[in-house]
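If you want the building blocks of each chain, they are given just below.
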Amino acid sequence: MRIALTGTPGTGKTTVSRLLPFRVVNLNDLVRAGISAGFDPERECLEADMDALEEKIKEIERSSREDVLIIEGHFAHHFADEAIVLRLHPNLLRRRLEARGYKESKIRENVEAEAIDLILIEALELCSTVHEIDTSDLSPEEVASIITAIIKKDVKMPPGGIDWLGDPEIDLG
C-alpha cells in the first residue's frame, strides 16, 4: 500500500518520516539523484520527471517485502491512493523557511500555498483517502505517533478542520 506523506515545504515531512517504522521513499532525494526533467530557472529548483519517478517507485515496491510504502514529499500525493497531509500555521511556516534561508519570493509562495490549503485540495482531488494533521503544536515524535496510528487504522484524521484564512494574524509577507 502506497501512502503519501505530503504537505507544503517546511511542515515537517522529512523530519517525521525519519521516525516512522515503515519504509520511506523521499521524492526529493530521488529527484536530486537524477530523476529530474531539468532545472527550472524561474523557480530555482529541479523539476521532477513524474513518469520516471512512478517507474522508480514501482521498482522499489517490487523489491520491498513490506506492506506499507510511505512516499514523502510535497508532491507525493501524485503517487498514492491515500494521503496524510501535514499542515503548519503559516506564521510558523514563514519562520521555518526563513531559518532555512529561503528567498522571500519562495517563502511567500509556500506560505500562501499553506494558507489556501493548496496541497490538501490537490490530495483530495487525487487520493481516495486523505488525512490532515496540524503539526503546529506537536513534536515530531507526536506527529509520527499519529501517522502510525492512522496507518494501523487506529485513528482517523479527516480533512477540513484547519482554516488558516480565518486567522487575522497570518503574515503573508
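Residues numbered from 1 in each chain as written. Predicted model: local features only at pLDDT ≥ 70, side-chain atom pairs only at ≥ 80, totals over all residues. Heavy atoms only, no water.

A.B. asks: Explain the packing of helix 4 (residues 90-99) against helix 5 (residues 104-115) to me, please; I cannot follow it from the model alone.
C.D. replies: Axis angle and axis distance: for two packed helices, these are the angle between their axes and the distance between the axes, and together they describe the pair. Put simply, helix 4 and helix 5 touch, their axes get as near as 9 Å, and they point 155° apart. Relative to helix 5, the element helix 4 is oriented roughly antiparallel. Helix-helix and strand crossings are classified by hand; for helix 4 and helix 5 the assignment is right-handed. Of the residues in helix 5, those touching helix 4 at P90, L93, R94, L97 and E98 are E104, I107, R108, N110, V111, E114 and A115. (Axes fitted to C-alpha atoms, helices over the stretch in contact; angles between N-to-C directions. Helix = DSSP H or I, 4+ residues; strand = E, 2+ residues; numbered from the N terminus. Parallel < 35°, antiparallel > 145°, perpendicular 65-115°, else oblique. Left-handed = near helix turned anticlockwise from the far one by under 90°. Contact = heavy atoms within 4.5 Å.)

A.B. asks: When you look at helix 6 (residues 118-126) in this model, what are you seeing that I'm missing?
C.D. replies: Along an α-helix, residues three or four apart share an orientation, since each turn contains 3.6 residues. Within helix 6 the residues assigned to the buried category are I119, L120 and A123. What you see down the axis of helix 6 is that its buried residues fit within an arc of 100°, all on one side. Buried positions along helix 6 lie against strand 1 (2-7), strand 6 (82-87) and strand 7 (129-134). (Buried < 20%, exposed > 50% of the residue type's maximum accessible area, 1.4 Å probe, protein only. Arc of directions from axis to C-beta.)

A.B. asks: How should I be thinking about the environment of S139 in this particular structure?
C.D. replies: With respect to the element layout, S139 can be found in the loop between strand 7 and helix 7 (140-151). For the pair S139 and R108, spaced 31 residues apart in sequence, the C-alpha to C-alpha distance is 25 Å.

A.B. asks: Which parts of the structure should I look at to understand helix 4?
C.D. replies: What helix 4 keeps buried is the set P90, N91, L93, R94 and L97. End-on, the buried residues of helix 4 take up no more than an arc of 155°, which puts them together on one face. The exposed set on the far side of helix 4, more than 90 degrees from its buried face, consists of R95 and A99. Those residues of helix 4 hidden inside the fold are in contact with helix 5. One or two residues past the end of helix 4 sits G101, with phi positive at roughly 85°.

A.B. asks: Help me understand the sheet that holds strand 2 (residues 23-26) in this model?
C.D. replies: Hydrogen bonds along the backbone pair up the strands of a sheet, which may run parallel or antiparallel. Sheet architecture is open: five strands sit in the order 2-5-1-6-7, paired in parallel fashion. Of all strands in the sheet, those with a lone pairing partner are strand 2 and strand 7, marking the two edges. Strand-to-strand twist of the sheet, defined as the mean angle between neighbouring strand axes without regard to direction, takes the value 20°. For strand 6 and strand 7, the ladder comprises six bridges, and the chain directions are parallel. (Pairing = 2+ DSSP bridges.)

A.B. asks: Explain the nonpolar core to me, please; I cannot follow it from the model alone.
C.D. replies: Buried together is how nonpolar side chains tend to be arranged in soluble globular proteins. Residues L27, L53, I71, F79 and V130 are the most contacted members of the largest nonpolar core, which totals 22 residues. Among the elements of the structure, helix 2 (27-32), helix 3 (50-63), strand 5 (69-72), strand 6 and helix 6 are those that each provide at least two residues to this core. For F79, the residues in contact, after removing those within four places along its chain, are R2, L27, M50, L53, E54, I57 and I71. Counting residues in each nonpolar core, the second largest holds 15 residues, with V16, V143, A144 and I151 among its members. (Core = buried A, V, L, I, M, F, W, Y, C linked by side-chain atoms within 4.5 Å.)

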